[in-house]
Amino acid sequence: MNKKGRFGRFGGQYVPEIVMPALNELEGAYLKYKDDPEFKEEFSSYLREYAGRPTNLYYAEGLTRHYGRARIFLKREDLLHTGAHKINNALGQALLAQRMGKKRVVAETGAGQHGVATATVAALFGMECHVFMGAVDAERQKLNVFRMQLLGAKVIPVSSGTGTLKDATSEAIRYWATNIRDTHYIIGSAVGPHPYPAMVRDFQKAIGEEIRAQSLEKIGGLPDYLVACVGGGSNAIGSFYDFREEPAVKKIGVEAGGRGEGAGDNAKTLSGAGEPGILHGAYSYLLQNEDGQVVEAYSISAGLDYPGVGPEHSFYKDAGIAEYVSVTDEEALAAFQRLSRIEGIIPAMESSHALAYLEKLMPETSPEETVVVTLSGRGDKDVQMVAKVLGEQEGA
Amino acid sequence: MGTRLENKFAELKRQGRKALIIYITAGISPAGKSADGPQATVEAVRAAEAAGADIIELGLPFSDPMADGPVIQAASVRALQGGMTLPKALGIAREIRKFSEVPLVAMGYINQMHHYGFEKFVQEGKAAGLDGVIVPDVPHEESAGMREVTQRQGFHLMEFITPGTTGERMARTCREATGFIYCVSNYGVTGVKEIDYSAIGKVCAEARKFTQVPLAIGFGIGTSEAAVQAAAQADGVIVGSAVMQRMLEGKMGEALDLIGEMRQALDKSCIR
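Please read these numbers as outputs of a predicted model, since none were measured by experiment. (Residues numbered from 1 in each chain as written. Chains lettered and ligands numbered in written order. Predicted model: local features only at pLDDT ≥ 70, side-chain atom pairs only at ≥ 80, totals over all residues. Heavy atoms only, no water.)

A. How the structure looks around the overall build of chain A. Each helix and strand counted, chain A has 16 helices and 14 strands in total. Relative to a compact globule of 396 residues, whose C-alpha radius of gyration would be 21 Å, chain A shows 19 Å and is just as compact. Projected onto its principal axes, the C-alpha positions of chain A cover 55 × 50 × 45 Å. Residues counted as buried form 65% of the 396 residues belonging to chain A. Summarising the internal contacts of chain A: among those between residues at least 6 apart in sequence, 73% fall at separations of at least 24. (Helix = DSSP H or I, 4+ residues; strand = E, 2+ residues; numbered from the N terminus. Rg over C-alpha atoms; globule rule 2.2 N^0.38 Å. Buried < 20%, exposed > 50% of the residue type's maximum accessible area, 1.4 Å probe, protein only. Contact = heavy atoms within 4.5 Å.)

B. Spatial organisation of the sheet that holds strand 3 (residues 57-59) of chain A. All names here are of chain A. Strand order in the open sheet made by the six strands is 3-4-14-9-10-13, with mixed pairing throughout. Only two strands of the sheet have a single partner each, and these edge strands are strand 3 and strand 13 (323-328). When the angles between neighbouring strand axes are averaged without regard to direction, this sheet yields 30 degrees. Alignment of strand 9 (residues 225-229) against strand 10 (residues 250-258), held across five bridges, turns out to be parallel. Looking across to strand 10, one finds that L226 is bridged to K251. (Pairing = 2+ DSSP bridges. Axes fitted to C-alpha atoms, helices over the stretch in contact; angles between N-to-C directions.)

C. Spatial organisation of the packing of aromatic side chains. Residue and element names in this part refer to chain A. Scanning the model with the defined rule gives 18 aromatic pairs over all chains in all. Measuring from ring centre to ring centre gives 6.4 Å for F39 and F203, while their planes differ by 45 degrees; the resulting arrangement is tilted. Taken as a pair, F39 in helix 2 (residues 37-51) and F203 in helix 9 (residues 196-204) lie far apart in primary sequence, 164 residues in all. Each of the two residues, F39 as well as F203, counts as buried. Aromatic side chains Y46 and F125 sit 5.1 Å apart centroid to centroid with 75 degrees between the ring planes, which places their arrangement in the edge-to-face category. (Phe/Tyr/Trp six-rings, centres within 6.5 Å; stacked < 30°, edge-to-face > 60°.)

D. View of the environment of A:N179. Residue placement: A:N179 occurs in the loop between helix 8 (165-178) and strand 8 (183-185). When the C-alpha atoms of A:N179 and A:L222 are compared, they prove to be 46 Å apart, with 43 residues separating the residues in sequence.

E. Fine view of the layout of surface pockets. A volume near 480 Å³ is recorded for the largest pocket. What lines the largest pocket is a set of 27 residues, and nearest its centre among them are A:K166, B:F62, B:S63, B:V77 and B:L80. When contributions to the lining of the largest pocket are tallied by element, the ones reaching two or more residues are helix 8 of chain A together with helix 3 (70-81) of chain B. Ranked by residue count, the leading element in the lining of the largest pocket is helix 3 of chain B, at seven residues. (1 Å grid on protein atoms, 1.4 Å probe; cavity = no way out; pocket = protein on both sides within 12 Å on 5 of 7 lines; lining within 4 Å. Points joined across faces, edges and corners; volume = space filled by probe spheres on them.)

F. Here's a closer look at the state of the cysteines. Residue and element names in this part refer to chain B. Inspection of every chain in the model, using the stated rule, returns zero disulfides over all chains. Its sulfur unpaired, C174 is 8.1 Å from the next cysteine sulfur, which belongs to C183. Assessed through its relative accessible area of 1%, C174 is described here as buried. Look at C183 and you get buried, because its relative accessible area is 0%. (Disulfide = S-S within 2.5 Å.)

G. Highlighting unusual backbone geometry. In this structure, the amide linkage connecting A:R53 to the following residue, A:P54, adopts the cis form with an omega of -10 degrees. With respect to the helices and strands, A:P54 occurs in the loop between helix 2 and strand 3. Residue A:H194 is joined to A:P195 through a cis peptide bond whose omega torsion reads 10 degrees. You can see A:P195 is positioned in the loop between strand 8 and helix 9. The residue B:F219 is not glycine, and still its phi comes out positive at about 85 degrees. Structurally, B:F219 can be placed in the loop between strand 8 (215-218) and helix 10 (224-231).

H. Here's a closer look at the nonpolar core. Residues B:F121, B:F180 and B:I221 are the most contacted members of the largest nonpolar core, which totals 187 residues. Sequence-distant contacts of B:F180, defined by excluding residues within four places in its chain, comprise B:L5, B:F9, B:I21, B:E57, B:I134, B:M158, B:E159, B:V213, B:P214, B:A216 and B:I238. Core analysis: the next-biggest nonpolar cluster, separate from the first, contains 32 residues, A:L63, A:A335, A:I345 and A:L375 among them. (Core = buried A, V, L, I, M, F, W, Y, C linked by side-chain atoms within 4.5 Å.)

I. A look at the side chain of A:N88. All names here are of chain A. The residue N88 is located in helix 4 (residues 86-99) in this model. Looking at N88, the relative accessible area reads 1%, which means it is buried. A distance of 3.0 Å separates a polar atom in the side chain of N88 from a polar atom in the side chain of R53. With near-sequence residues (within four places) excluded, N88 lies in contact with F43, L47, R53, E77, L80, F203, Q204 and I207. (Polar contact = N/O pair within 3.5 Å; in protein donor to acceptor, adjacent residues only side chain to side chain.)

J. Spotlight on the sheet that holds strand 1 (residues 19-25) of chain B. All names here are of chain B. Strand order in this open sheet of nine strands is 5-4-3-2-1-9-8-7-6, and the pairing throughout is parallel. Edge positions in the sheet fall to strand 5 (156-157) and strand 6 (159-161), since each has one partner strand and no second. Lying on the sheet, helix 11 (residues 241-248) is in contact with strand 1 and strand 9 (236-239); it crosses strand 1 at an angle near 40 degrees.

K. Main features of the packing of helix 2 of chain A against helix 4 of chain A. All names here are of chain A. Contact geometry of helix 2 with helix 4 gives a least axis separation of 10 Å together with a crossing angle of 140 degrees. The angle between helix 2 and helix 4 places the two elements in the oblique class. In this structure, the crossing between helix 2 and helix 4 has a hand that is right-handed. Contact with helix 2, carried on its side by F39, E42, F43, Y46, L47, Y50 and A51, involves I87, N88, L91, G92, L95, L96 and R99 of helix 4 and no other residues of that element. Looking at side-chain class alone, the contact of helix 2 with helix 4 contains ten nonpolar, two polar and two charged residues. (Parallel < 35°, antiparallel > 145°, perpendicular 65-115°, else oblique. Left-handed = near helix turned anticlockwise from the far one by under 90°. Nonpolar A, V, L, I, M, F, W, Y, C, P; charged D, E, K, R; others polar.)

L. Main features of helix 12 (residues 311-319) of chain A. Residue and element names in this part refer to chain A. Within the sequence span of helix 12, burial applies to P311, E312, H313, S314 and Y316. Buried residues in helix 12 make contact with strand 1 (6-7), strand 2 (10-11), helix 9, helix 11 (234-240), strand 12 (282-286) and strand 13. Of the residues trailing helix 12, G320 is marked for its positive phi of about 70 degrees.

M. Focus on helix 2 of chain A. Residues and elements named next belong to chain A. A rise of 1.5 Å per residue sets the reference length of helix 2, with its 15 residues, at 21 Å; its end C-alpha atoms lie 20 Å apart and thus fit the reference within 8%. Residues of helix 2 that are buried make contact with helix 1 (20-33), helix 4 and helix 9. Following helix 2 by one or two positions, G52 adopts a phi angle in the positive range, close to 100 degrees. (Expected span 1.5 Å × (residues − 1).)

N. Inspection of the interface of chain B and chain A at higher detail. Contact with chain B, which involves 37 residues of that partner, is made by 38 residues of chain A. Summed over both partners, the interface of chain B with chain A buries about 3,000 Å², with 54% contributed by carbon and sulfur atoms. When the buried surface of chain B facing chain A is broken down by residue, B:M66, B:E142 and B:Y187 rank first, second and third, together holding 25% of it. Here chain B is connected to chain A by three salt bridges. Close ionic contact of A:E17 with B:R169 constitutes a salt bridge, the shortest N to O distance being 2.9 Å. Here chain B and chain A share 19 residue pairs in polar contact (both at pLDDT 80 or more) between them. Elements that contribute at least two residues to the side of chain B that touches chain A include exactly helix 3, helix 4 (86-97), helix 5 (110-116) and strand 6 of chain B. Among the elements that line the side of chain B that touches chain A, the one with the most residues is helix 5 of chain B, at five residues. (Buried area = accessible area lost by both parts, 1.4 Å probe. Salt bridge = Lys/Arg side-chain N within 4 Å of Asp/Glu carboxyl O.)

Structure below.
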């Protein structure tokens, strides 16, 4: 086993040979710049001036009153430019791509948030941008497709396989392999071959670092619970990483329980039937059948229906650093409406999964405790879909 | 005595000929036909060998074939829909061994083999008559553990080189190569068109400094002309998508004609 880029036994570089030189080049650039003062200053300046960091740690008084237990704070990644935490990573990788002299970026997207973030930074830095999106996702997230096109990106619907995120990812990798010399692949989550999982986490770890500083300031200590949704797991790893050596801060990743327990009915990679395997370059937990074929994941949320998960989360699960649970479509839908009504904040369907877990968590907490939920994105993109689903439920 | 694969390359070399390696997806069922999977694949291999294939790559269909283009993706989807599995593919190898000594190498993705148990796969694969395995999503850096298994079991684990494989990586890859080295002709995935084979020719020349293991060029070889051009740079060529495209369309005759034409063209070019 190649020790490079491993989180315990997870991670690695399972990619075609044609991609290896680009991964080595990327790793070199990442290692060179991650601690480079000039790069760090430029990155944090864009995060501050362009994306809107730091984001608020908002005391959700209404939600706290609703449960009558621990105090609840929301880490407001939804307030960032483009409406989700994805912009943090897109900015970091675009700055790296520039330094590597790449003229074009390619990305995969599920819900479209990462595609929009990538299209945004490509516009900002004057790079050509190609976004691969499952044909099914492109249909259910039409607004984001138009946003990307408006930003100058070329959106390529992918109908191979099942036409969702995993197929878009495979197609982005194929495109990258074909255009590897002048193209950088901006992976949207903490998944993929080394150095992506570590690099994406580093570009997202400001979330957790800010939670720490803001908690100390607002509550005079660290939170007792961190709750974040997990698809590939970038907002969760960004939230958890700074607290990885602090067991007193309980870290809970919430996966999509979808519509049931059957194969193909959920995205419970860590909290359900997943077993370690290899997809898209990394050894990590994976939803697969008895023949080792990848099982399609399902969720009401287009950002969570991924059959794999970031390798660092697999390590956290096995090492007991974080706990992984799930909530169903229905529970997430209820949480989506609950936060809208109680706090006047419409959360992304992905983030609604983290919020839905409060139903189970809050009764176990006490008023002296503090819960921080990472609100990874805003829900404007989901409103149309939710209206449709609720309409169907009422009609039924 | 060498392995079937080594003996075949040695024999071709003595004859001054180039190897024609044909890829066929296990469980391939021609368009319009119901999935009669295993038997159709066995017959396709029999016919491909008769038409002039020296070596057969038996594709193990995978749900997410990252290194493959649209044709082999489609073949994989169809084979999986027909119920193809890894144990059934081993059954195909056993059937082929009843009538043929053609070198057979499996080509599949690591997750399936890992899930089955890589060592178990190698043991059972060898017993079924496979001579080696090609795993396109495992680069040299990640294959040490697998190589340990294949060496112990007397099985070939094919290495890949590409126009981007240079320096120390090229040297290391070549030194540990066995069977044949899969030389990827160009940037991209299987099934691409219009390739300048001189680039991979330079790569092959570089590889020759480190190894005498045969070199086979693959990716994008769709015509006799392309086969001849590529073969001039190496010891053999690998043809997948062009043959699979015809088989998928139910045009088995055309697929076999293409293999036959390539065989003739390769042999003619070598005599000159």
